[in-house]
Amino acid sequence: MSQTFVRIGGWGKYLPDRVMPNSELAELVDTSDEWIRARTGIGERRIAAPEETTCTLAVHAARSALQQAGVEPEELDLVIVATCTPDYSNMPATASLVQHALGAPRAGAFDLNAVCSGFLYGLATGSQFILNGAYRSVLVIGAEVFTRILDWQDRSTCVLFGDGAGAVVLQPTDQPGGLLSFVLGSDGAGACSLFVPAGGSRQPASAETVAERAHYVKMQGRDVFRFATRVLPESVKQALEAAKLSTEDMDLLIPHQANTRIIDAAVRRLKLSESIVFSNVERYGNTSAASIPVALCEAIEAGLVQAGSTIVMSGFGAGLSWGTAVWKWQG
Ligand code: ACO
């Protein structure tokens, strides 16, 4: 019997129409286009319309991915939504809303929260259902309306993030390639470096938590920066080693789009040519779990992904958490 491999049969992205340039942020908080560009590389971000939610963004991206894959929603076996900004904070899962909106009655559905590493966790998880023969069509989505958990009075965080969604359809194939290796990691000691203090079981929502603005993201930016510049190159090396490859074998690196300085530091540490590193952080900011699937779509659209390309995707973020996958594109 021939071996089963996993392939990405379809991909799709959705970015809300509304563009918020740095100049607009400078009207809200004490910041400037120069500061934001110099420290982060971000020029603008997308903001979801009031009627849009993580589910609606996810559904747009998912429909494109399904169409591309030639898969009908009725054929879907599983929907995984990686997000830290679900439509409802506790229940139900956003994935159930997406499954219903798509019209995918056969599909199981669950959310997965590994924050900015979420898409990598979803890709590794979804692939297992294909590789073990359980399922034939798995939709993995990274979707966020991150701007709804931002404190628009806090200049140290509100300039960094944006909204968006990206999706892939995973399918079995006998063509060798697909997921060659993955590394998933976590260090909960750094949990409070990037977190939303209230609204969970530790500090349930109350009038006080709202008054204290404790439902918004708090971040120790320097701690996260140090963590990210260490873990990104380390996990890329580990994942390549697990695939018995080296940096010379890489055709494309798609890092989590958090900050140009983090990406540049990783490029230096890994001694990579900048030409193999994809970045769109200038246009979208940090879209958390959506950043890597959106970047993958844009890399494909730009003709950077060919049959046989070795792509490394690497995410990092709150948790602290990280995830890296080496993917051989089958075409
Ligand atoms: N505009 C102007 N000044 C600012 C702004 C702003 N938007 N934000 C902070 N400053 C000020 C600070 O108040 C500080 O002023 P002070 O010296 O008078 O106290 C000064 O700029 C320097 O602040 P730092 O925090 O030291 O600036 P730093 O060089 O570290 O850059 C940044 C801050 C961009 C946040 C950086 O630390 C970073 O990129 N960290 C990683 C953040 C990240 O990527 N997080 C997401 C991870 S993914 C996820 O899971 C969601």
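Residues numbered from 1 in each chain as written. Predicted model: local features only at pLDDT ≥ 70, side-chain atom pairs only at ≥ 80, totals over all residues. Heavy atoms only, no water.

1. So, the layout of surface pockets
And then number 1: Size it by volume and the largest pocket reaches roughly 1,300 Å³.
And then number 2: In terms of lining residues, the largest pocket is bounded by 44 residues, among which C84, N113, I149, V196 and A198 are the most central.
And then number 3: Taken together, the elements giving at least two residues each to the lining of the largest pocket come down to strand 9 (194–195) and helix 7 (207–211).
And then number 4: Looking at the lining of the largest pocket residue by residue, the class counts come to 23 nonpolar, 16 polar and five charged.
And then number 5: Among the domains, domain 1 (5–176) and domain 2 (179–328) are the pair contributing at least three residues each to the lining of the largest pocket.
And then number 6: Its volume calculated, the second largest pocket comes out at about 660 Å³.
And then number 7: Taken together, 26 residues form the lining of the second largest pocket, with S156, L160, M219, G221 and N259 sitting closest to its centre.
And then number 8: Of all elements in the fold, only helix 2 (33–40), helix 6 (155–158), helix 8 (221–242), helix 9 (260–270) and strand 12 (310–317) reach the threshold of two or more residues within the lining of the second largest pocket.
And then number 9: In terms of residue count, the dominant contributor to the lining of the second largest pocket is helix 8 (four residues). (1 Å grid on protein atoms, 1.4 Å probe; cavity = no way out; pocket = protein on both sides within 12 Å on 5 of 7 lines; lining within 4 Å. Points joined across faces, edges and corners; volume = space filled by probe spheres on them. Helix = DSSP H or I, 4+ residues; strand = E, 2+ residues; numbered from the N terminus. Nonpolar A, V, L, I, M, F, W, Y, C, P; charged D, E, K, R; others polar. Domains from an automatic or database assignment.)

2. Structural notes on the site of the ligand
And then number 1: For the ligand, the set of nearby residues contains 26 residues, the closest of which are T31, R39, C116, R222 and N259.
And then number 2: R39 places a polar side-chain atom, nitrogen or oxygen, 2.5 Å from an oxygen atom of the ligand.
And then number 3: At 2.9 Å, a backbone N or O of G221 approaches a nitrogen atom of the ligand.
And then number 4: Computed on the free molecule, the ligand has an accessible area of 1,000 Å², of which 76% lies beneath the protein chains in the complex.
And then number 5: Using a 2 Å cut-off from the grid points, one finds that the ligand occupies the second largest pocket.
And then number 6: When contributions to the shell around the ligand are tallied by element, the ones reaching two or more residues are helix 2, helix 6, helix 8, helix 9 and strand 12.
And then number 7: No other element matches helix 8, which puts four residues into the shell around the ligand.
And then number 8: The residues that make up the shell around the ligand include at least three from each of domain 1 (5–176) and domain 2 (179–328). (Near = heavy atom within 4 Å. Polar contact = N/O pair within 3.5 Å; in protein donor to acceptor, adjacent residues only side chain to side chain. Areas by Shrake-Rupley, 256 points an atom, 1.4 Å probe, with all protein chains shown as cover. Sits in = over half its atoms within 2 Å of the grid points.)

3. Let's talk about the sheet that holds strand 1 (residues 5–14)
And then number 1: In spatial order, the strands read 1-7-6-4-5; together these five strands make up an open sheet with mixed pairing. One side of each edge strand has no neighbouring strand; the edge strands of this open sheet are strand 1 and strand 5 (108–112). Adjacent strand axes in the sheet meet at a mean angle of 20°, parallel and antiparallel pairs treated alike.
And then number 2: As paired strands, strand 4 (residues 78–82) and strand 6 (residues 138–145) are joined by five bridges and run parallel to one another. Residue pairing across strands places V81 opposite I141, the latter belonging to strand 6.
And then number 3: The strands touched by helix 5 (residues 118–131) within the sheet are strand 1, strand 4, strand 5, strand 6 and strand 7 (163–173), with strand 6 carrying the most contacts at an inclination of about 165°. (Pairing = 2+ DSSP bridges. Axes fitted to C-alpha atoms, helices over the stretch in contact; angles between N-to-C directions. Contact = heavy atoms within 4.5 Å.)

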